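Here is how the chains run, residue by residue.
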Amino acid sequence: MEREDIKRIFEAYFEKYKKTEGDRTAWSAVWLETTGAGTLELNMTKCPKGTTFKIFVNKKKEAQVLGWDAYFAAIGGVAAGYPGLYDEERIFSEMESVL
């Protein structure tokens, strides 16, 4: 899947499902994916410092990065470290289907 498609889908998902972090300066949306290889949680947060991504594998934080370029670099490492867990075609197709 193209990066621009991933951005478009995740941004639309964020806008539909975002929740405030309490003080209305930070908003988050979470996607949870469970497979035979484990559990992947993608958390997008928008706050005054920018768009932050937190990536959890089996409830353990694997990465926290700022911006899309850093997200793509970090998720590549997660995909390499946990084969079969991150299938961007499946994840973002499913994410788009709930919009």
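Because the structure is predicted, anything quoted here is derived from the model rather than measured.

Here we come to a nonpolar patch on the surface. Taken together, the side chains of Y17, V98 and L99 present a nonpolar region at the surface, about 220 Å² in accessible area. Position of L99 relative to the elements: it lies in the segment after α3 (88-97).

Overall, the coordinates contain eight salt bridges when judged by the stated rule. Close ionic contact of R8 with E96 constitutes a salt bridge, the shortest N to O distance being 3.2 Å. You can see R8 sitting in helix α1 (residues 3-17) and its partner E96 sitting in helix α3, a full 88 residues away along the chain. A residue is classified by how much of its surface remains accessible, and R8, at 45% relative accessible area, is partly exposed. In this structure, K18 and E15 form a salt bridge, with 3.1 Å as the shortest nitrogen-oxygen distance. The class of E15 is partly exposed, set by a relative accessible area of 46%.

Across six bridges, the pairing between strand β4 (residues 50-57) and strand β5 (residues 60-66) is antiparallel. Residue pairing in the sheet places K54 in a bridge with Q64 of β5. Count of turn residues in the β4/β5 antiparallel hairpin: two residues, of which N58 carries a positive phi of about 50 degrees.

Attention now moves to the sheet that holds strand β2 (residues 27-35). Read across the sheet, five strands follow the order β1-β2-β3-β4-β5 without closing on themselves; strand pairing throughout is antiparallel. Each edge of the open sheet carries a strand with a single partner, namely β1 (19-20) and β5. Across two bridges, β1 lies against β2 in antiparallel orientation. What sits directly across from K19, in β2, is S28. Strand contacts of α1: β1, β2, β3 (38-47) and β4, with the helix running at about 115 degrees to β2, the strand carrying the most contacts. Its contacts with the sheet put helix α2 (residues 68-81) on β3, β4 and β5, and the angle it makes with β4 is roughly 10 degrees.

What counts, and at which threshold
- Counting restarts for each chain, with residues numbered from 1 along the sequence as it is written.
- Local features in this predicted model are restricted to residues of pLDDT 70 or higher, and side-chain atom pairs are both shown and tallied only at a pLDDT of 80 or more, whereas totals for entire chains, interfaces and linings draw on every residue.
- Water and hydrogen atoms play no part in the side-chain values, which are based on all heavy atoms of the structure.
- Patches here are clusters of residues that have more than 30% relative accessible area and form no salt bridge, with a 9 Å joining cutoff for like charges and a 5 Å cutoff for nonpolar side chains (Val, Leu, Ile, Met, Phe, Trp, Tyr).
- Exposure was quantified through the Shrake-Rupley algorithm and a 1.4 Å probe, taking into account, for residues, occlusion by the shown protein chains and nothing else.
- Take a side-chain nitrogen of Lys or Arg and a carboxyl oxygen of Asp or Glu: if they are within 4 Å of each other, that pair is a salt bridge.
- A run of H or I in DSSP counts as a helix once it spans at least four residues, and a run of E counts as a strand once it spans at least two, with each numbered from the N terminus.
- Only protein chains enter the calculation, and the probe is 1.4 Å; a residue is then buried if its accessible area is under 20% of its type maximum, exposed if over 50%, and partly exposed in between.
- A pair of strands is considered paired only if DSSP assigns at least 2 bridges between the two.
- Residue contacts are defined here by distance: any two heavy atoms, one from each residue, within 4.5 Å place the two residues in contact.
- An axis is simply a line fitted to the C-alpha atoms; with a helix, the fit covers only the stretch in contact. Between two such axes, the angle follows the N-to-C directions and lies from 0 to 180 degrees.

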